Amino acid sequence: MKTSCISIGKFEPGCINEDAALAREGLIAVSDGAGGGGLFAERWSRYLLDRLPDTPICSAEALDGWIEQIWEPFYSQCEADAKLLGGMSLEKFYDEGSFATLVAVWKTSDTTYHWMSFGDSVAFCYDFATHRLLHTFGPIGNFDNPPYLINCKDEIDKRGFKCGTWEAGEHSLVFAASDPLAHYILMMYEIGQEDIFGQELQEAESHHSKNENYIKMARVLPAMDFEKKVLHKLLNCVDNQTNFRWHLKSLLRKGLLAIDDYSFALFR
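Residues numbered from 1 in each chain as written. Predicted model: local features only at pLDDT ≥ 70, side-chain atom pairs only at ≥ 80, totals over all residues. Heavy atoms only, no water.

> What is the right way to read the packing of aromatic side chains from this model?
One pair of aromatic rings is described through two measures. These are the centre distance and the angle between the planes. Here the structure, examined in full by the defined rule, presents 18 aromatic pairs. For the ring pair Tyr 75 and Phe 93, a centre distance of 4.9 Å and an interplane angle of 35 degrees mean the geometry is tilted. Placement of Tyr 75 in helix α2 (residues 60-85) and of Phe 93 in helix α3 (residues 87-96) is noted, with a sequence separation of 18 residues between them. Take Tyr 75: its relative accessible area is 16%, and that puts it in the buried class. In this structure Phe 93 comes out as buried when scored by relative accessible area, which is 0%. (Phe/Tyr/Trp six-rings, centres within 6.5 Å; stacked < 30°, edge-to-face > 60°. Helix = DSSP H or I, 4+ residues; strand = E, 2+ residues; numbered from the N terminus. Buried < 20%, exposed > 50% of the residue type's maximum accessible area, 1.4 Å probe, protein only.)

> Would you mind showing me how to read helix α1 (residues 41-50) here?
Since there are 3.6 residues in each turn of an α-helix, residues three or four apart along the chain are aligned in direction. Considered for burial, the residues of α1 that qualify are Ala 41, Trp 44, Ser 45, Tyr 47, Leu 48 and Leu 49. Those residues of α1 hidden inside the fold are in contact with β2 (19-24), β3 (27-32), α2, β4 (99-100), β5 (102-107) and β9 (150-151). (Contact = heavy atoms within 4.5 Å.)

> Would you mind showing me how to read the packing of helix α4 (residues 179-191) against helix α5 (residues 194-205) here?
Each packed pair of helices is defined by two parameters, the angle between the axes and the distance between the axes. Running from N to C, α4 and α5 cross one another at 125 degrees; their axes reach a closest spacing of 7 Å. By the angle class used here, α4 and α5 are oblique. Of the residues in α5, those touching α4 at Tyr 189, Glu 190 and Ile 191 are Glu 194, Phe 197, Glu 200 and Leu 201. (Axes fitted to C-alpha atoms, helices over the stretch in contact; angles between N-to-C directions. Parallel < 35°, antiparallel > 145°, perpendicular 65-115°, else oblique.)

> When you look at the pairing of strand β6 (residues 112-118) in this model, what are you seeing that I'm missing?
Regular strands show a simple pattern: their side chains alternate between the two faces of the sheet. Among the seven residues in β6, six count as buried, and that is most of the element. The pairing of β5 with β6 spans six bridges and is classified as antiparallel. By the bridge assignment, Ala 104 is partnered in β6 with Met 116. Hairpin connection, β5 to β6: the antiparallel pair is bridged by four residues. Pairing between β6 and strand β10 (residues 161-167): seven bridges, direction antiparallel. Bridge pairing links Met 116 to Cys 163 in β10. (Pairing = 2+ DSSP bridges.)

> Explain the side chain of Thr 112 here, please?
Residue placement: Thr 112 occurs in strand β6. According to the relative accessible area criterion, Thr 112 is buried, its value standing at 13%. A polar contact of 2.9 Å, which involves the side chain of Thr 112, links it to the side chain of Ser 109. Among the polar contacts made by the side chain of Thr 112, one reaches the side chain of Glu 167 at a distance of 3.0 Å. (Polar contact = N/O pair within 3.5 Å; in protein donor to acceptor, adjacent residues only side chain to side chain.)

Structural measurements only, silent on function.
In structure tokens:
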């Protein structure tokens, strides 16, 4: 089965894309480097994805053990680079390290997918036969909470670890996205089923965060076909950076999407 991924930075000059996306045989993943603290977030997100194992990570202890195996070369190189940047940068790196989220999905048989997540990057499984969307996140209002993050120098907070298994047939699409795109996808799906998710959406709006504005904008739009207008539009541009940028800029203009880096990966 073919895999694809794409990752682009903010639509502002001079911004570093701190996201990373991965698509290789039997595995897709997204990591969102958290630049609000520490240093070298864009390196850490890429480093994590490039070293993901070929077999699923199925427990918080396994995730911690894997990080313990890989962190030291990253830390040593970044320590050396921070020294070149000067004392304040080195002190910041010593104090804070580097942060990133991680979501990964392993395809282990024709119909079985194992997933793990840490933070607010999200994996999804959509069934075109039942029109049901499964995902690794909780209620949409949880996007307002600070995400759990993997640090290059500290043990993880095991409360942030989630994992599971999906049985997905020929009519299913399995994919992953970093948080602004994941919020958009989940929001549009839930708004299309207000009878089921109306209370969850209202609770998210009651937080009075920036995400409230995106939900309110989406709710006043004419009813739209989630599969055609949301999923297929993303699928049609995931292999073309220009089309992907054009589509996301359109969503930004409509007030449906946060300004951030954007990553998307999928099993075709």
